[in-house]
Amino acid sequence: MSGYDAIVIGSGAGGGIAACVLAESGFSVLLVERGEQLSYHDVGRDHLRNQRLSAYGHNAGPGLGNPRTARNAQGELVALSPWQGGYHANAACVGSGTVVYGAQAWRFLPQDFKMASIYGVPPGSSLADWPIEYNDLEPYYTRAEWELGVCGDDRANAHSAYRSKAYPMPPMRSTLQHGVLKAGADRLGWNTSPVPLLINSQEYGGRPACAACQHCVGFACPVDAKNGTANTVIPRAIQTGRCELRSSTMAKRLVCDDDGQVIGVELASELYGEISTRVVYARKVILSCGAIESARLLLNSTSSQHPSGIGNRYDMVGRNLQGHYYPGAMGLMPHDVYDGIGPGVVISTSRFNHGNKGIIGGGMIANEFIMTPITYWHRALPPEVPRWGQANKDWMRDNYRRTIHITGPVQEIPSPSARVTVNREVRDKYGIPVAHLSGATHEETVRTSAFMWERCVEWLQASNAQHIWGEAPRGAWLSGGQHQAGTCRMGDNPESSVTDRWGRVHHQSNLYILDSSIHVTNGGFNPVLTIMALAYRGAEKVASELNGH
Amino acid sequence: MLTTSEMSALEALTDTIIPPDDWPGAVAAGVCNFILHLLANEENWHVDAYHLGLAALDRLARGVHDLPFDGLTLAQRTSVLEMVEQQSQEAVASGIETSWLGLVIRHCAEGYYADSGNGGNFDQLSWAMVGYKVTI
Ligand SMILES: Cc1cc2nc3c(=O)[nH]c(=O)nc-3n(C[C@H](O)[C@H](O)[C@H](O)COP(=O)(O)OP(=O)(O)OC[C@H]3O[C@@H](n4cnc5c(N)ncnc54)[C@H](O)[C@@H]3O)c2cc1C
């Protein structure tokens, strides 16, 4: 059967890397992306429609015609548009979230791969160890840091693990907030470190240094200094002449042979409102659609051999959806702490990721990116300040520049009932059944979040904040969103996991998943560097199989 | 979309929500322009809420002060909005909804503080006011 050596579905963090590794290994690759290729100007600078504040839309997809369903607080089934709460969007375009992300480039810690062994399994949770260890991933973390470009200070973080190589670039320039928060942390005896970023602190990879603009997270970079897959590994893949990128094309379902082995993909595209479909074949198929959409594609690929979807023999596909709770606190400082130097996130501590008495896991905390004024108005005003009138205007004028926001991702304790299923009654614009989201995280996530919130407050107090506000998250809800993960976890036991330790779907010889879906747990850190490292590792394995090994 | 008298009431309302001082109030910053644009597009399903809300606000003002809302001083308008927020008897009787006031407040803030490309925040004046400077 003629076809490609590999089809990679989804061109985000995982997919972009998989396509590059395979094309550079000499294989023909079709890289399929449902979203468009976006320029800096396409993404724009709309303060109400971006991937950070999506009041009326967003700027990096997905667009209308791609609903998901969920039950609202009243228990009614509702169809959600991509920028509504409860939809759990990341992005949909060439590069996906990596075009507009904040680019925090964290490695998980060795303990993050052994959560069940270290803490035990809380009743009702699906907490488990990964089948691999930090040391298995270390070379690939290094590779991601060097091939895409990460800035940071590898010696500053006392809580980090072994690394085989330093960061390729020094950390970002310091800011006013750095000085204030460093002094506070010193008073507490906390170790801090600059936040590692997939951003050029100096010229790197043929692109310039960061221009310190005020629109980093949620927007594209005006000088192309932010390193995502769309401006690094994807152009490299295309440069080989062996990778074909097909954007605005949706993978509808996976196609199997008589033995139930995946051999191709049915693709759909839209031209002037008309949908056309065709099947393309390949020796290997790699799913990199993100945690919600990869699960949806497997569940939608039903056939006589796979009545409940591919890889779903044990009802594991779509379970353990997780993201990050994000407790945070704001403090009013005695002086101006705003110098307008973006991205703004500069100082962090990993002191509380583990070893917290009576708490499972923990998380990294850092100061927040520069907020646009309207995002500040929506998210950062103290509860007692009126939302209108002279008092509101005075607060904005006097205190926008005096506010520090400390926040960070909390390691979630997964719950098997937090899950993606498909709703066959509701279809997207291609006629494909949509993802239905249900369930909630485990109670232990809420407890860890409350603990981390107290640490945010403590840091602000020690830094001389005069007034502190913001609440600890209360209650267990469904997490996912931009840090979605876990729906096709890897494991050695096919009855309790979806893929093996390389990302290959159990009982499938040609089908791999290389994206956030395969995370067993999601660390107490932003996830993208781990997704990238797993994609390097898994794609190397696919390449060696294609070579006949 | 709105009649002349509704526009006049809207201006009075938005300038109560973000009053002028050393820096422009809502009207001078283009907030009404922003709201009309929004009501013609994404928020068109709120047009009726604006018709009803502005009429109810006027009834409340006439009931309390014997004057239309746009005929009141800033202090009077402020106290009328406080009645709405506190759900005073007169406010409830006028049929005005606190959720509508919340919506207008949100629209005002967005018109005042978001980028000028959305039709408000003329000359990025609010950004100059808070000290948010776009360098590139
Ligand atoms: C504003 C923002 C800020 C962020 N900041 C950070 C940060 O600072 N640090 C960090 O670690 N992470 C950050 N993230 C998250 C990060 O972008 C994600 O973790 C990462 O992109 C997920 O990688 P993935 O490969 O799992 O999926 P994605 O990168 O989402 O890629 C999936 C791609 O597949 C496409 N796709 C899906 N289904 C189909 C289909 N059926 N057919 C064809 N194509 C399909 C999607 O359109 C998408 O482009 C941020 C995200 C956003 C939006």
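Check the entry above for the structure.
Not measured: the values here are computed from a predicted model.

### Remarks on the sheet that holds strand S4 (residues 77-80) of chain A
Residues and elements named next belong to chain A. The sheet built from four strands is open, its strands ordered S4-S3-S15-S14 with mixed pairing. Edge positions in the sheet fall to S4 and strand S14 (419-427), since each of these pairs with one other strand and no more. Across the sheet, the axes of successive neighbouring strands diverge by a mean angle of 35 degrees, strand direction being ignored. Summarising the sheet, S14 and strand S15 (residues 433-438) pair through six bridges and their orientation is antiparallel. Bridge pairing links Arg 419 to Ser 438 in S15. Helix-sheet contacts for helix H7 (residues 291-300) involve strand S3 (68-71), S14 and S15, and the interaxial angle to S14 is about 60 degrees.

### What about the pattern of salt bridges?
Residues and elements named next belong to chain A. The tally for this structure, following the rule as stated, stands at 37 salt bridges over all chains. Notably, a salt bridge pairs Arg 455 with Glu 454, separated by 3.9 Å at the nearest N-O pair. Given the relative accessible area of 13%, Arg 455 is considered buried.

### Here we look at the sheet that holds strand S12 (residues 365-367) of chain A
Residues and elements named next belong to chain A. Read across the open sheet, the six strands follow the order S5-S11-S12-S13-S10-S16; overall the sheet is antiparallel. At either margin of the open sheet sits one strand with a lone partner, and together these are strand S5 (193-194) and strand S16 (467-469). Taken together, the two bridges between strand S11 (residues 347-349) and S12 define a ladder with antiparallel strand orientation. Bridge pairing in S12 links Ser 348 to Ala 366. Along the sheet, helix H5 (residues 176-188) makes contact with S11, S12 and strand S13 (403-407), crossing S13 at roughly 65 degrees. Strands in contact with helix H10 (residues 443-462) are strand S10 (328-332), S11, S12, S13 and S16; relative to S10, the strand with the most contacts, it is inclined by about 15 degrees.

### A word on the side chain of B:Ser94
All names here are of chain B. For Ser 94, the location among the structural elements is in helix H6 (residues 89-94). The buried category is assigned to Ser 94, whose relative accessible area is 7%. A polar side-chain atom of Ser 94 sits 3.4 Å from the main-chain amide nitrogen of Ile 96. Leaving out residues up to four positions away in the same chain, Ser 94 has contacts with Ala 56, Arg 59 and Leu 60.

### Notes on the packing of helix H1 (residues 4-17) of chain B against helix H5 (residues 74-85) of chain B
Residues and elements named next belong to chain B. Following both chains from N to C, one finds H1 and H5 inclined at 85 degrees, their axes separated by 10 Å at the closest point. Taken together, the axes of H1 and H5 are roughly perpendicular relative to one another. Where H1 abuts H5, its residues Ala 12, Leu 13, Asp 15, Thr 16 and Ile 17 lie against Leu 74, Arg 77, Thr 78 and Leu 81. In the contact of H1 with H5, the residues fall into five nonpolar, two polar and two charged.

### Description of the interface of chain B and chain A
Think of interface size as the accessible area that goes away when the parts come together; that is how it is often given. The interface is formed by 36 residues belonging to chain B together with 32 residues belonging to chain A. Interface area for chain B against chain A, summed over the two sides, is near 2700 Å², with a carbon-plus-sulfur share of 60%. Three residues stand out in chain B for area buried against chain A, namely B:Tyr113, B:Tyr132 and B:Ile136, and they jointly supply 25% of the buried area on that side. Among the ionic pairs, B:Asp21 bridges to A:Arg397, the shortest N-O distance being 2.8 Å. Linking chain B with chain A are 20 residue pairs in polar contact (both at pLDDT 80 or more), by the criterion used here.

Calculation criteria
- Residues numbered from 1 in each chain as written.
- Chains lettered and ligands numbered in written order.
- Predicted model: local features only at pLDDT ≥ 70, side-chain atom pairs only at ≥ 80, totals over all residues.
- Heavy atoms only, no water.
- Pairing = 2+ DSSP bridges.
- Helix = DSSP H or I, 4+ residues; strand = E, 2+ residues; numbered from the N terminus.
- Axes fitted to C-alpha atoms, helices over the stretch in contact; angles between N-to-C directions.
- Contact = heavy atoms within 4.5 Å.
- Salt bridge = Lys/Arg side-chain N within 4 Å of Asp/Glu carboxyl O.
- Buried < 20%, exposed > 50% of the residue type's maximum accessible area, 1.4 Å probe, protein only.
- Polar contact = N/O pair within 3.5 Å; in protein donor to acceptor, adjacent residues only side chain to side chain.
- Parallel < 35°, antiparallel > 145°, perpendicular 65-115°, else oblique.
- Nonpolar A, V, L, I, M, F, W, Y, C, P; charged D, E, K, R; others polar.
- Buried area = accessible area lost by both parts, 1.4 Å probe.

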